[in-house]
Amino acid sequence: MNAKQRAQELFERHYGALPEGVAAAPGRVNLIGDHTDYVGGFVFPAALRLNTAIAYRRSAESNRVCAVSEALADKVDFGLRQEGVSGWGGYLAGIAWALLEAGFELSGLELAVASDVPTASGLSSSAALEVAMARAWRTVDELELDDVNLAKLCQRAENAYVGVPSGILDQFASSVPAVGQAIILDCRSLDYQVIAIPADWTFVIVDSGASRQLAGSAYEQRVKECAEVARQLHLRALRDLQAEQLLKLDGDLLKRARHVYGENQRVLEAASAMKAADIVAFGRLMSASHASLRDNYEVSSPTLDRLVEAALAFEGCYGARLTGAGFGGSTVQLLKRGSEDAFGAYLEERVPSARLVARI
Ligand code: GLA
């Protein structure tokens, strides 16, 4: 059973009635362009075929939300305007907060949640939950909210309510429908283009088994370092950095700026490589991105490095990199279609904690 069916079944079991509907949203993999979104740069994600689903119906108590999840024992129950809800309910309460703050009127809801997106794996399970929640309210209360603005509100919920200073990458990739395709996004203007992944390419996503949590990690520190470089160089954001300005920096700030500068270039080159179906060029850019995340941005881990190294030693693997924030989580590999199973078996033998979780 997929997540939608399981959410529906959980709803019926828990509330003893049919839901009004089921909203869903996917997790994402970022093919290239990490730690560039919160500096207004470029990212290149693709939505996964793994969804988080929320079965819903209007509640008799108009100002309350209650929710159960198939994976988490704790039930959630909060008032629509309640501040400081923590745990997984914080993502739901954050969406209510952001929608109310934007002037929408919301109904109280009863919810049941099921998900196929692995948690703490760098595949945006939290953005999928946020976007599915916002979609449920969009349908129930007939909100005039397009997919891009919905993503912006979800990001606002994550920043201001949950308290993680993330960029818009995850929520955008989950909200703008392009399953099976890639999206190149300018995180400043939010202009984007959907690019078809060449039919004979496959991106394989491997969970390293080393889980990560964004809140409280070094993520926030990197966001601050980028802001500090922009402040020192009088830039609106690090995205505006010119190559010659690197000479004015040193130490860790130079390394962070080098990554952001190079990564933005790589995303643009990667978009050209995908349009030209140049698998060798795309794969090289992915591997260069990993090296920069490891050496300049310092967000990799020994397990991720080992995985990437082992993946690249597989004949027929064109590129490999960590995906998302890093500090554990998942890697993404580029292969020719047809070699996924051999690759999965090869990798799991070399890195036993690794698990092939998705392919595009
Ligand atoms: C996390 C954040 C995103 C982005 C990536 C790194 O997934 O939520 O906004 O910054 O890390 O690219």
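Residues numbered from 1 in each chain as written. Predicted model: local features only at pLDDT ≥ 70, side-chain atom pairs only at ≥ 80, totals over all residues. Heavy atoms only, no water.

Draft legend 1. The overall build of the protein, seen in detail. The secondary structure content of the protein amounts to 10 helices and 11 strands. Along the longest, intermediate and shortest principal axes, the C-alpha atoms of the protein span 60 × 50 × 35 Å. A burial count over the protein gives 60% of its 360 residues as buried. Within the protein, contacts between residues at least 6 apart in sequence are counted, and of these 72% link residues at least 24 apart. For the protein, the exposed area adds up to about 14700 Å²; of that, 46% sits on carbon and sulfur atoms. (Helix = DSSP H or I, 4+ residues; strand = E, 2+ residues; numbered from the N terminus. Buried < 20%, exposed > 50% of the residue type's maximum accessible area, 1.4 Å probe, protein only. Contact = heavy atoms within 4.5 Å. Areas by Shrake-Rupley, 256 points an atom, 1.4 Å probe, with all protein chains shown as cover.)

Draft legend 2. Main features of the site of the ligand. Around the ligand, the surrounding shell holds 13 residues, and the nearest of these are Asp34, His35, Asp37, Asp170 and Tyr219. In this structure, an oxygen atom belonging to the ligand sits 3.0 Å away from a main-chain N or O atom of Gly167. Applying the majority rule of atoms within 2 Å of the grid points places the ligand in the largest pocket. Grouping the amino acids of the shell around the ligand by side-chain chemistry returns 5 nonpolar, 4 polar and 4 charged. Each of domain 1 (3–193) and domain 2 (198–359) gives at least three residues to the shell around the ligand. (Near = heavy atom within 4 Å. Polar contact = N/O pair within 3.5 Å; in protein donor to acceptor, adjacent residues only side chain to side chain. 1 Å grid on protein atoms, 1.4 Å probe; cavity = no way out; pocket = protein on both sides within 12 Å on 5 of 7 lines; lining within 4 Å. Sits in = over half its atoms within 2 Å of the grid points. Nonpolar A, V, L, I, M, F, W, Y, C, P; charged D, E, K, R; others polar. Domains from an automatic or database assignment.)

Draft legend 3. Structural view of unusual backbone geometry. Phi angles above zero are rare outside glycine, and Glu142 is one such case at about 50°. With a relative accessible area of 69%, Glu142 lands in the exposed category. Phi at Leu190 is positive, roughly 65°, even though this residue is not glycine. Secondary-structure assignment places Leu190 in the loop between strand S6 (181–186) and strand S7 (192–196).

Draft legend 4. Quick peek at the pairing of strand S3 (residues 64–69). Bridge count between S3 and strand S4 (residues 76–79): 4 bridges; the pairing is antiparallel. Across the sheet, the residue bridging to Cys66 is Asp77, located in S4. The sheet contact formed by S3 and strand S5 (residues 109–115) spans 5 bridges and is parallel. Opposite Cys66, over in S5, you have Glu110 as the bridge partner. (Pairing = 2+ DSSP bridges.)

Draft legend 5. The domain arrangement of the protein, seen in detail. By domain assignment, the protein separates into domain 1 (3–193) and domain 2 (198–359). The gap between the C-alpha centroids of domain 1 and domain 2 is 25 Å. With 34 residues of domain 1 at the interface, the matching set in domain 2 holds 47 residues. Taking both sides of the interface into account, the surface hidden between domain 1 and domain 2 amounts to around 3100 Å²; carbon and sulfur atoms contribute 65%. It is Ile32, His35 and Arg188 that lose the most area in domain 1 upon contact with domain 2, and together they represent 22% of the buried surface on that side. Taken together, the connections running from domain 1 to domain 2 amount to 3 salt bridges. A salt bridge links Arg239 to Asp186; the shortest N-O distance between them is 2.8 Å. Linking domain 1 with domain 2 are 18 residue pairs in polar contact (both at pLDDT 80 or more). (Buried area = accessible area lost by both parts, 1.4 Å probe. Salt bridge = Lys/Arg side-chain N within 4 Å of Asp/Glu carboxyl O.)

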